[in-house]
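The residues making up each chain are set out below.
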Amino acid sequence: MPSIPSFLKSKSKPPQPITTYYLSSPSSSSSTYDTLLRPIPPPNSPQTIPRDTLIFSFTHPPLSNSQATSFFLECIPDPIGFLYHSSSFISKNLILNEKPEEIEWRHQLITLELENKDGLAATSGGKISISLKWVEEILNQVKKGNKTYENSIKEFKGVLLHELVHTIQHDGFGSTPGWLIESIADYIRLQANLNPDHWRKSGSGNKEKGYEDGYDIGAKFLQWLIGIEEPEEKSQRDQLNVIQAIPIQNTLSRNKTTTTTTTTDQISQPQPTQYPLSSTEEEKLPAIPPNKPYRPGPFPDLVKLIDSRLNYEKWHDNWWDELTGLTLDELWREYLRYYGR
């Protein structure tokens, strides 16, 4: 029998990812943070727990082997705590007639994994994947002075929130246009004041079907239809700052860990999130006139009604007419006209 080459004998196995599971409990006035979200052993059957609770898992490389992971956890020391609080914020802005004790989450097990992969982030089913290559790019920008530590925190929070929306929102059995899926996720991010500075202004977009760009363009469009004013149209005291409203808790222990592996046949192929690139030239748009032009609506429950129907029905474009009295293209034309386009 031929001998095994020495370089193969000495080659060490790569460190295994670390996974921790957490269980959330329905909130009450007497509950503390430790009882609302606590580490648990790997669940054998998530469906045996009440449907209004969530199980979270967090998988990441050992800190000693990943500078990007260390930086991410410096910025977001308790990502599961952030996701937990964000799930409540999302439900209030997405779910019609939301009551905590009556919610049946689309995915009861939500997994967050930091992975060495291309792209920025991807969500499939209940799994959120964050690219450590992207995190490392952010770290390098901070080192060079091109990005502040505070902006990095805000960007990580915004992406986590966007991806979490994808685990909660309904898609009409896969029939919903991709632009609308991404627009709703960024609309929720916008309500949390976690949108980056390079997002395009309200009224931006191509005159013909510009809504199909989705993301920030679609988010601003949906916000306008719902009737929420832009921050520049509000007084300073009315500006929303959910960076503080969705807190980061530092009390969770990451010491109780288990090493696990996930079979790929349990998770469908992730769809990458492709955010628009920041522009070096700020798009110049006319100021809103003192006497604001006509605007349809508002339709305050529009996003909630759409998501509610997508839980039971396949998407159809005539929903716009049914819910607003105008077609999508008519709504888009009124949106651009409102901003002088």
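Here the structure is a predicted model, which is why all the values come from computation and not from measurement.

Draft legend 1. Spotlight on empty space enclosed by the protein. Using the criterion set out here, one finds 2 cavities of 30 Å³ or more in the structure. When its volume is computed, the second largest cavity comes out at roughly 40 Å³. Together, 10 residues line the second largest cavity, and Gln223, Trp224, Ile228, Glu230 and Tyr339 are the ones closest to its centre. Considered class by class, the residues forming the lining of the second largest cavity number 3 nonpolar, 2 polar and 5 charged.

Draft legend 2. The arrangement of the pairing of strand S1 (residues 18-24) in detail. With 6 of its 7 residues buried, S1 lies for the most part within the structure. With 6 bridges connecting them, S1 and strand S3 (residues 55-60) associate as antiparallel partners. The residue bridging Ile18 from the neighbouring strand is His60, located in S3.

Draft legend 3. Expanded view of unusual backbone geometry. Cis geometry marks the peptide bond from Gly297 to Pro298; its omega dihedral reads 5°. Looking at the secondary structure, you find Pro298 in the loop between strand S7 (271-273) and helix H10 (302-310). A positive phi angle, near 60°, is found at Phe173, a position not held by glycine. Mapped onto the fold, Phe173 is located in the loop between helix H6 (149-168) and helix H7 (178-191). At Tyr215, a residue that is not glycine, the phi angle is positive and equals roughly 45°. Looking at the element boundaries, Tyr215 is found in helix H8 (residues 215-226). Overall, the relative accessible area of 11% leaves Tyr215 in the buried class.

Draft legend 4. A look at the side chain of Lys304. Counting through the fold element by element, Lys304 comes out in helix H10. Asp301 is the oppositely charged side chain nearest to the buried, salt-bridge-free Lys304, at an N-O distance of 4.5 Å. Among all residues touching Lys304, those that are not within four sequence positions of it are Lys92, Asn93, Leu94, Ile95 and Leu96.

Draft legend 5. Fine view of the side chain of His60. With respect to the element layout, His60 can be found in strand S3. Once residues within four sequence positions are removed from consideration, His60 is found in contact with Pro17, Ile18, Thr69 and Leu114.

Draft legend 6. Up close: H6. Under the 1.5 Å per step criterion, the end-to-end length of H6 is 29 Å for 20 residues, consistent within 8% with the ideal 28 Å. Of all 20 residues making up H6, 16 are buried, and the element is well covered by its neighbours.

Draft legend 7. Quick look at the pattern of salt bridges. Under the counting rule described, the total for this entry stands at 11 salt bridges. Taking the shortest distance from any N to any O, the salt bridge between Asp171 and Arg106 comes out at 3.4 Å. With Asp171 in the loop between H6 and H7 and Arg106 in the loop between helix H4 (79-94) and strand S4 (109-115), this residue pair connects regions lying 65 residues apart in the sequence. In this structure, Lys147 engages Glu155 in a salt bridge whose closest nitrogen and oxygen atoms are separated by 2.9 Å. Among the ionic contacts, a cluster of salt bridges with common partners joins Glu113, Glu115, Lys117 and Lys127.

Draft legend 8. Structural view of the nonpolar core. Among the nonpolar cores identified, the biggest contains 70 residues, and Phe72, Ile130, Val135, Phe156, Phe221 and Trp320 are the most heavily contacted of them. Tallying contributions element by element places H6 first for this core, with 8 residues. Counting contributing residues per domain, this core is built from domain 1 (15-26 + 52-168) and domain 2 (172-231 + 291-340), each supplying no fewer than three. When neighbours within four sequence positions are excluded, Trp320 is seen to be in contact with Trp179, Leu180, Leu222, Leu225, Leu302, Ile306, Trp315, Gly325, Leu326, Thr327, Leu328 and Leu331.

Draft legend 9. Representation of the packing of helix H3 (residues 67-75) against H6 in the model. Relative orientation of the contacting elements H3 and H6 amounts to 90°, with a least axis distance of 9 Å. When the interaxial angle is binned, H3 and H6 end up roughly perpendicular. Of the residues in H6, those in contact with Phe71, Phe72, Glu74 and Cys75 of H3 are Tyr149, Ser152, Ile153, Phe156 and Leu160. A breakdown of the residues in the contact of H3 with H6 according to their chemical character gives 7 nonpolar, 1 polar and 1 charged.

Rules and cut-offs
- Residues numbered from 1 in each chain as written.
- Predicted model: local features only at pLDDT ≥ 70, side-chain atom pairs only at ≥ 80, totals over all residues.
- Heavy atoms only, no water.
- 1 Å grid on protein atoms, 1.4 Å probe; cavity = no way out; pocket = protein on both sides within 12 Å on 5 of 7 lines; lining within 4 Å.
- Points joined across faces, edges and corners; volume = space filled by probe spheres on them.
- Nonpolar A, V, L, I, M, F, W, Y, C, P; charged D, E, K, R; others polar.
- Buried < 20%, exposed > 50% of the residue type's maximum accessible area, 1.4 Å probe, protein only.
- Helix = DSSP H or I, 4+ residues; strand = E, 2+ residues; numbered from the N terminus.
- Pairing = 2+ DSSP bridges.
- Lys, Arg positive; Asp, Glu negative; His and termini not counted.
- Salt bridge = Lys/Arg side-chain N within 4 Å of Asp/Glu carboxyl O.
- Contact = heavy atoms within 4.5 Å.
- Expected span 1.5 Å × (residues − 1).
- Core = buried A, V, L, I, M, F, W, Y, C linked by side-chain atoms within 4.5 Å.
- Domains from an automatic or database assignment.
- Axes fitted to C-alpha atoms, helices over the stretch in contact; angles between N-to-C directions.
- Parallel < 35°, antiparallel > 145°, perpendicular 65-115°, else oblique.

By themselves, these observations are geometric and do not establish any function.
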